[in-house]
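Here is what each chain is made of, one letter per residue.
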Amino acid sequence: MLGLGAGAAAAVGLAGCGTLTSSPDGRRPARAGGARDGRDGSAHPARPLGDGSTSFTGRQPRQPERPRPLEPGETPPQFVVFSWDGAGEVGNGLFPRFLDLAKEHDAHMTFFLSGLYLLPESKKRLYDPPNNPRGASAIGYLSDEHIKATLANVRRAWLEGHEIGTHFNGHFCGEGPGSVKHWTPQQWRSEIEQAKSFVKRWKTNTGWHHLPALPFDYDKELVGGRTPCLLGQDNLLPTARALGWRYDASSPGGRQVWPVKKQGLWDLPLQQIPFPGHSFEVLSMDYNMLANQSLNTTKAPAYNYPGWRRQAAQAYIQGFKRAYETNRAPLFIGNHFEEWNGGIYMDAVEEALKHIAREKEKGADVRLVSFRQFVDWLDVQKPEILGKLRTLDVGQRPAGGWKEFLENGTAATGGKGAANAA
């Protein structure tokens with residue numbers, strides 16, 4: 001937690017993830033169901049893959065319309081991506097809570113699944129983490145009950161149009177030799193292959209052959225991830241590119257500007273957003289809100305909670321508003337299924353999503369999408385248009401308005417004469 005309270009350093013220097021803890025109540029059953037092909041709504045026959053843990057069921061259902069290039073002078077949409085690190089359901093009902101919320105508001109999200117959350121602790125020696133003892137994990141292992149709940153919710157998430165990415169496995173952070181910060185490209189490949197194998201072979205590893213398969217081919221589904229604590233990206237990227245990934249969300253802190261590619265992949269970082277009541281900005285993740293509010297505790301005195309909840313929600317909302325009213329840069333928000341400080345960060349992200357969804361429902365061109373859906377859109381845009389969008393700084397409006405700014409692609413200049421947001 002270096003850099004707390006030191007202006008922007010607080011945003012950049014803090015990027016963490018938490019462990020999952022169980023809750024005795026609040027569980028809600030997740031729905032399963034047959035996959036649809038996305039065209040006529042008819043069920044697509046499943047083709048089992050491998051040991052039957054996964055299956056090919058056709059095109060993913062509930063996807064947006066095929067993306068198209070911006071027309072000359074057209075205002076770009078406002079993209080917002082809500083993402084979740086770990087994506088395990090441990091009986092606190094948070095995974096289905098946000099699936100329900102997304103369904104209510106026609107939103108799509110990205111779930112970065114930790115592979116170990118599908119591996120029973122009794123089989124932990126199947127995991128051979130780089131530079132760590134066999135079976136080691138900084139986040140532990142889930143109970144059988146919680147593995148089954150995670151499977152049910154991952155299945156439901158994909159069928160409802162969400163993306164299943166990866167948060168890798170053992171979540172080794174810090175500065176020690178076992179940290180992902182020091183892994184080589186070859187070690188990242190081992191970690192990725194193991195994460196995929198735990199998803200593709202969960203029936204063999206658990207013995208639960210009676211449970212339904214996950215309805216996707218993970219070799220094709222997996223096109224991006226986020227590293228533990230946002231460490232190790234430089235050595236991850238060569239491996240990710242060789243594996244055909246399309247993006248990475250592991251940069252250690254970005255700004256609200258239009259993204260670029262890094263080593264051939266779209267670089268989609270968590271972003272510095274306004275932090276109400278402070279002169280510095282905070283990184284757009286629940287952990288970073290907590291780190292700047294209650295320092296090293298997840299159970300601060302409860303009298304702080306109402307104010308902190310409002311502050312966290314307003315940080316997300318002000319980040320959205322700043323982008324929507326100015327450069328239309330995408331907003332990326334990261335979370336964990338956690339109950340830190342009485343669950344205020346879950347309430348804050350729900351409030352923010354509802355606020356953003358209301359703007360969409362009032363007619364604004366706001367798109368609540370997954371990272372994969374966002375890069376689908378990026379990949380069909382004209383390079384000169386994306387180049388123009390990148391000339392707009394944080395909170396910078398296009399000179400002369402969007403019609404003039406993008407009418408001729410490269411005719412206007414973004415930096416000269418453009419107004420800045422207050």
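All values reported here derive from a predicted model rather than from experimental measurement.

Reading the values: the criteria
Residues numbered from 1 in each chain as written. Predicted model: local features only at pLDDT ≥ 70, side-chain atom pairs only at ≥ 80, totals over all residues. Heavy atoms only, no water. Helix = DSSP H or I, 4+ residues; strand = E, 2+ residues; numbered from the N terminus. Buried < 20%, exposed > 50% of the residue type's maximum accessible area, 1.4 Å probe, protein only. Contact = heavy atoms within 4.5 Å. Areas by Shrake-Rupley, 256 points an atom, 1.4 Å probe, with all protein chains shown as cover. Disulfide = S-S within 2.5 Å. Core = buried A, V, L, I, M, F, W, Y, C linked by side-chain atoms within 4.5 Å. Phe/Tyr/Trp six-rings, centres within 6.5 Å; stacked < 30°, edge-to-face > 60°. Lys NZ or Arg CZ within 6 Å of the ring centre and 35° of its normal. Expected span 1.5 Å × (residues − 1). Pairing = 2+ DSSP bridges. Axes fitted to C-alpha atoms, helices over the stretch in contact; angles between N-to-C directions. Left-handed = near helix turned anticlockwise from the far one by under 90°. Nonpolar A, V, L, I, M, F, W, Y, C, P; charged D, E, K, R; others polar. Parallel < 35°, antiparallel > 145°, perpendicular 65-115°, else oblique.

Participant: Can you lay out the overall build of the protein chain for me, pointing to particular residues and giving the numbers?
Facilitator: A tally of regular secondary structure across the protein chain gives 13 helices and 12 strands. Looking at the protein chain as a whole, 57% of its 422 residues qualify as buried. Counted over contacts in the protein chain with a minimum sequence separation of 6, partners at least 24 positions apart contribute 73%. Accessible surface, the protein chain as shown: approximately 16700 Å² in total, 50% of it carbon and sulfur.

Participant: Any chance you could break down the side chain of T166 for me, citing the residues and the numbers?
Facilitator: By secondary structure assignment, the location of T166 is in strand β5 (residues 163–166). What makes T166 buried here is its relative accessible area of 2%. Setting aside residues no more than four positions away along its own chain, T166 makes contact with F112, L113, A195, Y218, L222, G224, G225, R226 and W245.

Participant: Quick one: what's the story with the state of the cysteines, residue by residue and with numbers?
Facilitator: Counted according to the given criterion, the structure contains 1 disulfide. Between the sulfur atoms of C173 and its disulfide mate C229 the distance is 2.2 Å. Handedness of the C173-C229 disulfide follows from its S-S torsion of about 90°: it is right-handed. Of the two residues, C173 is situated in the loop between β5 and α4 (185–200) and C229 in the loop between α6 (218–221) and α7 (233–242); the sequence distance between them amounts to 56 residues. Taking the relative accessible area as the measure of exposure, C229 reaches 17% and is therefore buried.

Participant: So, the nonpolar core: which residues are in play, and what are the values?
Facilitator: Judged by nonpolar contacts, the single largest core of 88 residues is most densely connected at F82, F111, I164 and M289. The element contributing the most residues to this core is helix α10 (residues 344–361), with 9 residues. Setting aside its immediate chain neighbours within four residues, F111 contacts W84, A87, F95, L99, A157, H162, E163, I164, G165 and F337. The next biggest cluster of nonpolar side chains, apart from the first, holds 25 residues, and it includes F79, A249, L268 and L389.

Participant: Which residues make up the packing of aromatic side chains, and what values go with them?
Facilitator: Applying the stated criterion to the full structure yields 23 aromatic pairs. Ring centres of F168 and W245 lie 6.2 Å apart, and the angle between their planes is 35°; on these two criteria the pair is classed as tilted. In this pair, F168 is assigned in the loop between β5 and α4 and W245 in the loop between α7 and β6 (247–248), connecting sequence segments 77 residues apart. For the pair shown, F168 and W245 are each scored as buried. We note K148 situated over the ring of W208; from NZ or CZ to the ring centre the distance is 4.8 Å.

Participant: Which residues make up α10, and what values go with them?
Facilitator: If you check α10, its first and last C-alpha atoms are 25 Å apart, about what 18 residues at 1.5 Å a residue would give, namely 26 Å. Turning to α10, its buried residues number three or more, namely I344, Y345, M346, A348, V349, E350, A352, L353, I356, A357, E359 and K360. Taken together, the buried residues of α10 touch β3 (78–86), α2 (94–104), α8 (286–293), α9 (305–325), β11 (331–336) and β12 (366–368). Of the residues one or two after α10, G363 is the one with positive phi, at around 115°.

Participant: With reference to specific residues and values, describe the sheet that holds β6.
Facilitator: As a general point, the strands of a sheet are linked pairwise by backbone hydrogen bonds and lie either parallel or antiparallel. The mixed open sheet is built from 3 strands, whose spatial order is β6-β8-β7. Single-partner strands in this sheet number two, and they are β6 and β7 (261–262). Taken together, the 2 bridges between β6 and strand β8 (residues 265–267) define a ladder with parallel strand orientation. Note on β8: the bridge partner recorded for Y247 is W266. α7 contacts β6, β7 and β8 of the sheet and is inclined by roughly 145° relative to β8.

Participant: Please set out the packing of α9 against α10 residue by residue, giving values where relevant.
Facilitator: Helix-helix packing: each pair is described by the crossing angle between the helix axes and the interaxial distance. Here α9 crosses α10 at 35°, and the two axes come no closer than 8 Å. Crossing angle aside, the handedness with which α9 passes α10 is right-handed. Contacts from Y305, W308, R309, A312, A313, Q314, Y316, I317 and F320 in α9 reach I344, Y345, D347, A348, V349, E351, A352, H355, I356 and E359 in α10. Its residues assigned to classes, the contact of α9 with α10 comprises 13 nonpolar, 2 polar and 4 charged.

Participant: Quick one: what's the story with the packing of α2 against α10, residue by residue and with numbers?
Facilitator: Where α2 contacts α10, the two axes come as close as 11 Å, and the packing angle between them is 10°. By the angle between their axes, α2 is roughly parallel relative to α10. Only M346, D347, V349, E350, L353 and K354 of α10 make contact with α2, whose side of the interface consists of L94, R97, F98 and L101. Considered class by class, the residues forming the contact of α2 with α10 number 6 nonpolar, no polar and 4 charged.

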